Amino acid sequence: MQMPDPDRAILARKDRIVARLRQVLPEHAVISDEVETRAYECDALTAYRCPPLAVALPTTTQEVSEILKVCHAEGVPVVPRGAGTSLAGGAMPTADSVILGVARMNDVLETDYDNRFIRVQTGRTNLSVSGAVEEDGFFYAPDPSSQLACAIAGNIAMNSGGAHCLKYGVTTNNLMGVTMVMMDGEIVEIGGAHLDAGGLDLLGVICGSEGQLGVVTEATLRILHKPEGARPVLMGFDSNEVAGQCVSDIIKSGILPVAIEFMDRPCIRATEAFAGAGYPDCEALLIVEVEGSDAEIDAQLERILAIARRHNPVELRESTSAEESARIWLGRKSAFGAMGQINDYMCLDGTIPVSQLPHVLRRIGELSKEYGLDVGNVFHAGDGNMHPLILFDANKPGDLEKCEAFGADILRLCVEVGGCLTGEHGVGIEKRDLMVDQYAPEDLEIQMAVKDVFDPKWLLNPAKVFPLRSSEARRMAAE
Amino acid sequence: MMTPTNEAELAGLVAGAKGALRIQGGGTRDIGAPVEGDVLRTSDLGGVTLYEPGALTLVAQAGTPLRDVEAALAAEGQRLAFEPMDHRGLLGTNGTSTIGGVVAANVSGPRRIQVGACRDSLLGVRFVDGAGRVLKNGGRVMKNVTGYDLVKLMAGSWGTLGVLTEVSLKVQAIPEAEATLVAEGLTSAEAIAALSAALGSPYDVSGAAYVSKEGKALVRLEGLHSSVQYRVKQLQDGACAGWSIAEGVKSASLWHDVRDVRALADAVGAIWRLSVKPTDAPAVLEKLGEPDAVCDWGGGLIWVAVPEDLDLRAILSAVGGHATLVKASEDVRRHVPVFPPEPAALAAISRGLRAKFDPRGILNPGKMG
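Residues numbered from 1 in each chain as written. Chains lettered and ligands numbered in written order. Predicted model: local features only at pLDDT ≥ 70, side-chain atom pairs only at ≥ 80, totals over all residues.

Trainee: Just give me the short version of the overall build of chain B, but keep the residues and values in it.
Mentor: If you tally the helices and strands in chain B, you get 14 helices and 17 strands. For a compact globule of 369 residues, the expected C-alpha radius of gyration is about 21 Å, and chain B comes in at 21 Å, within 12% of that figure. By principal-axis analysis of the C-alpha atoms, chain B measures approximately 65 × 50 × 35 Å. In chain B, which comprises 369 residues, the share counted as buried stands at 58%. (Helix = DSSP H or I, 4+ residues; strand = E, 2+ residues; numbered from the N terminus. Rg over C-alpha atoms; globule rule 2.2 N^0.38 Å. Buried ≥ 20, exposed ≤ 12 C-beta atoms within 10 Å, placed from the backbone.)

Trainee: Can you explain the overall build of chain A? Please cite residues and give values.
Mentor: Counting its regular elements, chain A contains 18 helices and 18 strands. Relative to the compact-globule value of 23 Å for 479 residues, chain A shows a C-alpha radius of gyration of 23 Å, a close match. Taken along the three principal axes of its C-alpha coordinates, chain A extends 70 × 55 × 40 Å. Counting over 479 residues, chain A shows a buried share of 57%. Within chain A, residue pairs in contact and separated by at least 24 positions form 73% of the contacts whose partners lie at least 6 positions apart. (Contact = placed C-beta atoms within 7 Å.)

Trainee: Explain the environment of Asp409(A) to me, and be specific about the residues and the numbers.
Mentor: Residues and elements named next belong to chain A. Position of Asp409 among the secondary structure elements: in helix H15 (residues 399-416). Residue classification places Asp409 among the partly exposed positions, given that 15 C-beta atoms sit within 10 Å. In this structure, the C-alpha to C-alpha distance between Asp409 and Leu434, residues 25 residues apart in sequence, is 9.8 Å.

Trainee: Could you give me a rundown of the domain arrangement of chain A, with the residues and numbers involved?
Mentor: Where interface size is quoted, it is often the accessible area lost as the parts come together. All names here are of chain A. Structurally, chain A comprises domain 1 (8-101), domain 2 (108-225), domain 3 (230-335), domain 4 (343-432) and domain 5 (433-478). The distance between the C-alpha centroids of domain 1 and domain 5 comes to 21 Å. Residue assignment for the side of domain 1 that touches domain 5 shows that the elements contributing at least two residues are helix H3 (61-74) and strand E3 (78-81). (Domains from an automatic or database assignment.)

Trainee: Please give an account of unusual backbone geometry that cites residues and values.
Mentor: Residues and elements named next belong to chain A. Positive phi, normally seen in glycine, also occurs at Glu210, with a value near 55°. Mapped onto the elements, Glu210 comes out in the loop between helix H8 (202-206) and strand E10 (215-222). Glu210 gets classed as buried once you count the C-beta atoms within 10 Å, which come to 25.

Trainee: Outline the domain arrangement of chain B, listing residues and values.
Mentor: Residues and elements named next belong to chain B. Here chain B is described as being made up of domain 1 (7-173) and domain 2 (175-335). Here domain 1 and domain 2 have C-alpha centroids that lie 26 Å from each other. Facing the 16 residues of domain 1 at the interface are 25 residues of domain 2. At the level of elements, helix H3 (88-91) and helix H5 (112-115) are the ones that each hand at least two residues to the side of domain 1 that touches domain 2. Here the residues of the side of domain 1 that touches domain 2 are counted per class, giving nine nonpolar, three polar and four charged. (Nonpolar A, V, L, I, M, F, W, Y, C, P; charged D, E, K, R; others polar.)

In structure tokens, the structure reads:
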């Protein structure tokens, strides 16, 4: 994955830049030591690494503003970082950039149950937002798989989803307001405890902008009362087509499960070997979860099971206890770990129209043979968000490149059938060069024009999202 | 009046425009500062281009009448989740509302509190910008973070950033049953407290409103029959003790009235739409002198009729939130900003975005201030 060459003039000024940052920040808030900055050389896309020039770890919005003022004056690129769990390389630095990490900003600022929101500093982890309101019966709905570690800052940058977004939506549907620091250090407030923008929906465009428009330091998030209960059911089918049709029929029936998860045979076998959840050995497996009181759950599951039976499942497993529910989820939740036991893997994130599921899975199977690399599919089936996991050997020369080419083919396939390159992970550096497959040059141009407005000097996370060729003129002009 | 019949023709008209254009769908939502210029209507860009009930997605040309979209959905037992308001009664307009107009105005009804606004159901857009370029953003799948989300930006941009030509929407199955809990004779403070309690319950409330005239408070539940009955009972044992029940069409009719703000249809003066923190609603109404009001979204959305010369924003500034002047004489709309004035830094961003999307400043110039 190519990154722009670092600006030598900036590298030469490192001491001065670090000194200026130290001047405006408390002790221990700046890391410039070559050994210590290594901790920030990559995010969860570990195949690519590069230590940054320096790392700044502020604790307040005002400090973020001071950091950005210095970097703006010095013309230094800034790479915002939440918890560093991006699978797309969204927080990967360049040698001439300052990492601005918000991990030390994790306070809860306000909790309001009557108006159903919580205001937090964005370094707070996703799960601990729910944790802060859990005792009072509330939760924050978006639940990315990395929720134990990932920060709200990164959730906002990538517009993260999760398994339960079929019912509750993704980050952008649950974000009410932000405090954001512009690249020149100006602090702005957008949205808040009220709903909807009065003018243009700037909040809507900031969410998912991958840290390229501003640094979000505080967020007002919608919280909901927890449902009375939730229960999954597991279904096994002997073909992907039938499983896909079953998903479609459930959705059409008018019942809205909170989650419909799909696993294919390679993934089922891997997780069985790893976690032993007792899944049937079948072609396709669905986990469907519904919420409500016990009686409401029974009523919904009765209908869902009736639909499933029409499709001749090889297995239908209902849960009668919390323990059985946990076992149903166990395999799904261990899927990534299970694949990781077999080999290194790359996790893709394309989205497709649900109707295209059988075709896409068949085609992925064919590509798998052509490339000689195994692939397992885990999939948020209700909303068409696929996570093919391609297995490769990082120590075998050429395997990573082969895997990346395979992944790119799968993502192009997603676009071809009417879907998109990324459903919830973001573009980062990983899918940057594929943007031209989804968007025409003028579609990318208008997006880059939005960045021009927020960050005219193209200093915020500049080498992400857009193909380097497309953004080159802007990045160069800014230097 | 220009009424292009396809996207390419529309793009040509915009590219060739010599002066300002007034962009319209069906012309039912004449909101905003008065705009001078040639009228460009999208009403002849019609037709549902793709509808997959099993994927809950629908794609339609911008000029497709809203009622056609709703009819196509109803035939499959589905609907637009965000329940767009019909502005005609309130504004005294005629014409046929288009799906593009709904999106351009980000029109959302009572279910906003449960499922989000129009913008939250919007999956993708195609539009022609002020330079006549045909652009697209988003797509037709429910999860999509590929590049910047200009879909949200286009929703509620009132034709000032581009002329919508096609929209993709997430749709929803019509639930088996609905019921509304009704109380009368409540003060706004009593009502909003009850609505907050209901919304803060696990019972998945899909509407929470208060109409000041009869002191009427409404809480809506939707879903499977048995589930609605259960949740009605739970709320009657708690936040809505002593409230009566309206079911089926009676319930639906109550919410049509809230959605379309029927209580203010004959009101004199200016009509404002305020977005506030829900529990601030009683204080706002008190400061405004207890005018006739419809409070939706648990109190977060307030519709009021007040004298045209009242400086409502000055009163609201002590509380927070924002206000839009939805209906007033042209004269008032010329000197009172219709849309809430933004702080300097945000105004600069909005101005900058308009300059990028519409470099010649010809799309509904001045409409949003």
